[in-house]
Amino acid sequence: MNWLNSEAFTLFGQHILWSDMVGNLFGLAALALGWRRSLWTWPVQFLAGLVLFAAFFGHLTGSAGKQVVVMVVALYGWWQWNRGRGQAEDGHIAVRFATWRERAAMTAAAAAGTVAVALLFKAHPALSWDPWPDAYIFVGTIVAMYAQARGMVEFWFAWLLVDLVGVPLNFANGYAFSGFVYVIYGALVLWGLRDWWLRSRKASQPVPEGAPA
């Protein structure tokens, strides 16, 4: 798998690695499929994690381990969406806003998780090149994927918060392709947020008495 860490091309003076390009293209496709509420979003997310795991395994143990967690959450999402298929009128999963209790739980989990993971990275410097932002992006990604698995509109807000740190951090650390992809993520997130938001409002509207279900 050494070819994954070889240079694919140069863009604006930045060296683009095959692993960076392929893994992020899979991630971009997974986000687009998530917007469409397609079950295929999860296998594609799993493939993205698998590609990056193969690229990191053997020399970046921490990064490889993070991809294992991403793949586990992708399997959970696949299971959840399989269970929820057919909830909406179009045969896909139904989307909704989280309850205040769910929002509080996810916020607390994200905060505690970021601190715990950052301290782990600081205690073992080989696991991360920048402990705090790396922990924030990693934990934020997991929270976003969990919210997506549960069909929560907050999934998109979580991705926006990850993007705010991910874009400048990737450019600053030489991962130009990841940086460009995160910019596209931002645009997709805004469109996806609008779509899920409207769908959740439509689903919550009561059906008039006597109208067909």
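Residues numbered from 1 in each chain as written. Predicted model: local features only at pLDDT ≥ 70, side-chain atom pairs only at ≥ 80, totals over all residues. Heavy atoms only, no water.

Turning our attention to the overall build of the protein chain. Scanning the protein chain from terminus to terminus reveals seven helices and two strands. The linear arrangement of helices and strands in the protein chain, starting from the amino end, is β-β-α-α-α-α-α-α-α. Split into buried and exposed, the 213 residues of the protein chain put 45% on the buried side. Working note: accessible area of the protein chain is about 11500 Å², and carbon and sulfur atoms make up 68% of it. (Helix = DSSP H or I, 4+ residues; strand = E, 2+ residues; numbered from the N terminus. Buried < 20%, exposed > 50% of the residue type's maximum accessible area, 1.4 Å probe, protein only. Areas by Shrake-Rupley, 256 points an atom, 1.4 Å probe, with all protein chains shown as cover.)

This paragraph deals with the pattern of salt bridges. Applying the stated rule across the entire model yields three salt bridges. A salt bridge links Arg96 to Glu102; the shortest N-O distance between them is 2.9 Å. Accessibility expressed as a relative area gives 21% for Glu102, which makes it partly exposed. Ionic pairing is found between Arg199 and Asp195, a salt bridge with its closest N-O pair at 2.9 Å. One end of the pair is Arg199 and the other is Asp195, both in helix α7 (residues 176–204) and four residues apart, which spans about a single turn. (Salt bridge = Lys/Arg side-chain N within 4 Å of Asp/Glu carboxyl O.)

Time to look at the nonpolar core. Counting 42 residues, the largest nonpolar core has Leu31, Trp42, Phe155, Trp156, Trp159 and Trp196 as the members making the most contacts within it. Contributing elements (two or more residues each) for this core: α1 (18–35), α3 (61–84), α4 (100–123), α5 (131–149), α6 (154–172) and α7. Here this core gets 10 residues from one element, more than from any other, and that element is α5. Look past the residues within four positions of Leu31 in its chain and what remains in contact with it is Phe155, Trp156, Trp159, Tyr185, Leu188 and Val189. (Core = buried A, V, L, I, M, F, W, Y, C linked by side-chain atoms within 4.5 Å. Contact = heavy atoms within 4.5 Å.)

So, on to α4. An ideal rise of 1.5 Å per residue puts 34 Å on 24 residues; α4 measures up with 34 Å between its terminal C-alpha atoms. Listing the buried residues of α4 in full gives Met106, Gly113, Thr114, Val117, Ala118 and Phe121. (Expected span 1.5 Å × (residues − 1).)

A few words now on the side chain of Thr141. Structurally, Thr141 is set in helix α5. Apart from the residues within four sequence positions on either side, Thr141 is in contact with Trp159 and Val162.

Turning our eyes to something else, we now look at the packing of aromatic side chains. Inspection of every chain in the model, using the stated rule, returns nine aromatic pairs. Ring centres of Tyr76 and Tyr146 lie 6.2 Å apart, and the angle between their planes is 10°; this geometry places the pair in the stacked category. One end of the pair, Tyr76, is in helix α3; the other, Tyr146, is in helix α5, and 70 residues separate them in sequence. A residue is classified by how much of its surface remains accessible, and Tyr76, at 26% relative accessible area, is partly exposed. Centre to centre, the rings of Trp81 and Trp196 are 6.5 Å apart; their planes meet at 40°, and the pair counts as tilted. You can see Trp81 sitting in helix α3 and its partner Trp196 sitting in helix α7, a full 115 residues away along the chain. Residue Trp81 shares its accessibility class with Trp196, and that shared class is buried. Here the aromatic cluster, defined as three or more aromatic residues joined through ring pairs, consists of Trp42, Trp81, Phe155, Trp156 and Trp196. (Phe/Tyr/Trp six-rings, centres within 6.5 Å; stacked < 30°, edge-to-face > 60°.)

In an α-helix, one full turn covers 3.6 residues, which means residues spaced three or four apart are oriented alike. Its 18 residues place the ends of α1 26 Å apart at the C-alpha level, agreeing with the 26 Å of an ideal helix rising 1.5 Å per residue. Inspection of α1 places Ser19, Asp20, Met21, Gly23, Asn24, Gly27, Leu28, Ala30, Leu31, Gly34 and Trp35 among the buried residues, and these make up the whole buried set. Just past α1, the residue Arg37 takes up positive phi, approximately 60°.

To continue, consider unusual backbone geometry. One non-glycine residue with positive phi stands out, namely Arg37, at about 60°. Note on placement: Arg37 falls in the loop between α1 and α2 (41–56).

Our focus in this paragraph is the environment of Thr107. Following the sequence through the fold, Thr107 ends up in helix α4. For Thr107 and Ala158, which are 51 residues apart along the polypeptide, the C-alpha to C-alpha distance reads 9.7 Å. Engagement of the side chain of Thr107 in a polar contact is seen with the backbone oxygen of Arg103, the distance being 2.8 Å. (Polar contact = N/O pair within 3.5 Å; in protein donor to acceptor, adjacent residues only side chain to side chain.)

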